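# An overview of the molecular structure
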Amino acid sequence: MEGHYVINLGRQLGSGGKEIGEKLANDLGIAFYDKELINLASEESGLCREFFEKADEKASQTILGGLFGTRFPFVTEGAYPYNSYLSNDSLFKIQSDVIRQLAEKQSCLFVGRCADYILRDHPRCANVFVSASPEARIERLMKLHHISAEDAEDLMEKADKKRSAYYNYYSYKTWGAAATYHLCIDSSVLGIDGTVEFIKNFVKLKLHL
């Protein structure tokens, strides 16, 4: 792990967080992980990726759309019990193990998925939260998904509720609260590229890059 560092990026839907994360990781020449973690967790456990997709950033109470308590055979027999009860908590543990393994091997940027909490003992990490004004978020979602302002606002509210419930449940901290992160930034002030540059300079100062 010596020399490796990690950037954990939380984000509001429509804030451009994923794009900012991708550009930042590219500028710094480090690995970028978002939805890729689902594939890696699936490969690590031998479980179908569908289980991880259904549980993705959902708190334990919303167990796999009502599948909790049902016994599933694993796709391949591995380190996990063949007849485990499959819950969001067990899927979270598998994904957490994957995040820790990746952070040990290389410098990485992780988007969401409680990575800042999972890697709380990592000696070199920067935890960042990207927000944006409601107007900017709605405009971005309208363009991205070709939807109305009303639908964009609805999508935004549901995503915020889901992400905060997930984060607060697993981390025991408050999603989006300034005290939870090293840096909180509004991407609608500086724009995507300006926000990338600002975070990059902050990370370099904090981690002595």
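So, a few notes on the structure that sits alongside this text.

Parameters at a glance
Residues numbered from 1 in each chain as written. Predicted model: local features only at pLDDT ≥ 70, side-chain atom pairs only at ≥ 80, totals over all residues. Heavy atoms only, no water. Pairing = 2+ DSSP bridges. Helix = DSSP H or I, 4+ residues; strand = E, 2+ residues; numbered from the N terminus. Axes fitted to C-alpha atoms, helices over the stretch in contact; angles between N-to-C directions. Contact = heavy atoms within 4.5 Å. Buried < 20%, exposed > 50% of the residue type's maximum accessible area, 1.4 Å probe, protein only. Parallel < 35°, antiparallel > 145°, perpendicular 65-115°, else oblique. Nonpolar A, V, L, I, M, F, W, Y, C, P; charged D, E, K, R; others polar. Patch = residues over 30% accessible without salt bridge, like charges linked within 9 Å, V, L, I, M, F, W, Y side chains within 5 Å. Areas by Shrake-Rupley, 256 points an atom, 1.4 Å probe, with all protein chains shown as cover. Salt bridge = Lys/Arg side-chain N within 4 Å of Asp/Glu carboxyl O. Lys, Arg positive; Asp, Glu negative; His and termini not counted. Charge placed at Lys NZ, Arg CZ, Asp CG, Glu CD.

Attention now goes to the sheet that holds strand 5 (residues 183-186). What the five strands build is an open sheet, ordered 2-3-1-4-5; its pairing is parallel. Single-partner strands in this sheet number two, and they are strand 2 (31-33) and strand 5. Each strand of the sheet is rotated relative to its neighbour by a mean of 20°, with strand direction disregarded. Here four bridges tie strand 1 (residues 6-11) to strand 3 (residues 108-111), and the two strands are oriented parallel to one another. Its bridge partner lying in strand 3, N8 is registered against F110. Along the sheet face, helix 1 (residues 17-28) touches strand 1, strand 2, strand 3 and strand 4 (125-131) and points at about 165° away from the line of strand 1. On top of the sheet, helix 8 (residues 187-207) reaches strand 1, strand 4 and strand 5; it is set at about 160° to strand 5, its chief contact.

Let us now look at the pairing of strand 1. When you tally the buried positions in strand 1, you get six out of six residues, the bulk of the element. Residue alternation in strand 1 divides its side chains into two sets, V6, N8 and G10 and I7, L9 and R11, and both sets are buried. When strand 1 meets strand 4, the two strands line up parallel, connected through six bridges. When the bridges of strand 4 are listed, R11 appears paired with V130.

For the pair helix 4 (residues 88-105) and helix 7 (residues 149-171), the least separation of the axes is 13 Å and the interaxial angle reads 80°. Between helix 4 and helix 7, the crossing angle belongs to the class labelled roughly perpendicular. Along the contact surface, helix 4 presents N88, D89, F92 and Q95, while helix 7 presents Y166, Y169 and Y170. Residue classes in the contact of helix 4 with helix 7 are distributed as four nonpolar, two polar and one charged.

This brings us to the packing of helix 6 (residues 134-145) against helix 7. Interhelical geometry of helix 6 versus helix 7 gives an angle of 110° and a closest axis separation of 9 Å. By the angle between their axes, helix 6 is roughly perpendicular relative to helix 7. Only A149, A152, E153, L155, M156 and D160 of helix 7 make contact with helix 6, whose side of the interface consists of P134, R137, I138, L141, M142 and H145. Across the contact of helix 6 with helix 7, the residue classes break down as eight nonpolar, one polar and three charged.

With that settled, the discussion passes to a negative patch on the surface. The grouping of E150, D151, E153 and E157 at the surface amounts to a negative patch. Examined against the element boundaries, E157 turns out to sit in helix 7.

What follows deals with the pattern of salt bridges. Should their charged atoms come close, side chains of opposite charge can pair. Taken as a whole, this structure holds twelve salt bridges when the rule is applied. When the shortest N-O distance is used, the salt bridge between D34 and K18 registers 4.0 Å. In this pair, D34 is assigned in the loop between strand 2 and helix 2 (36-45) and K18 in helix 1, connecting sequence segments 16 residues apart. With relative accessibility at 6%, the residue D34 sits in the buried group. Residue D27 pairs with K200 through a salt bridge whose shortest N-O separation is 3.4 Å. Here the residue D27 occupies a position in helix 1, and K200 occupies one in helix 8, the gap between them amounting to 173 residues. For K200, a relative accessible area of 11% gives the class buried. Here the salt bridges do not stand alone but share partners, grouping E19, K23, R140 and D193 into one network.

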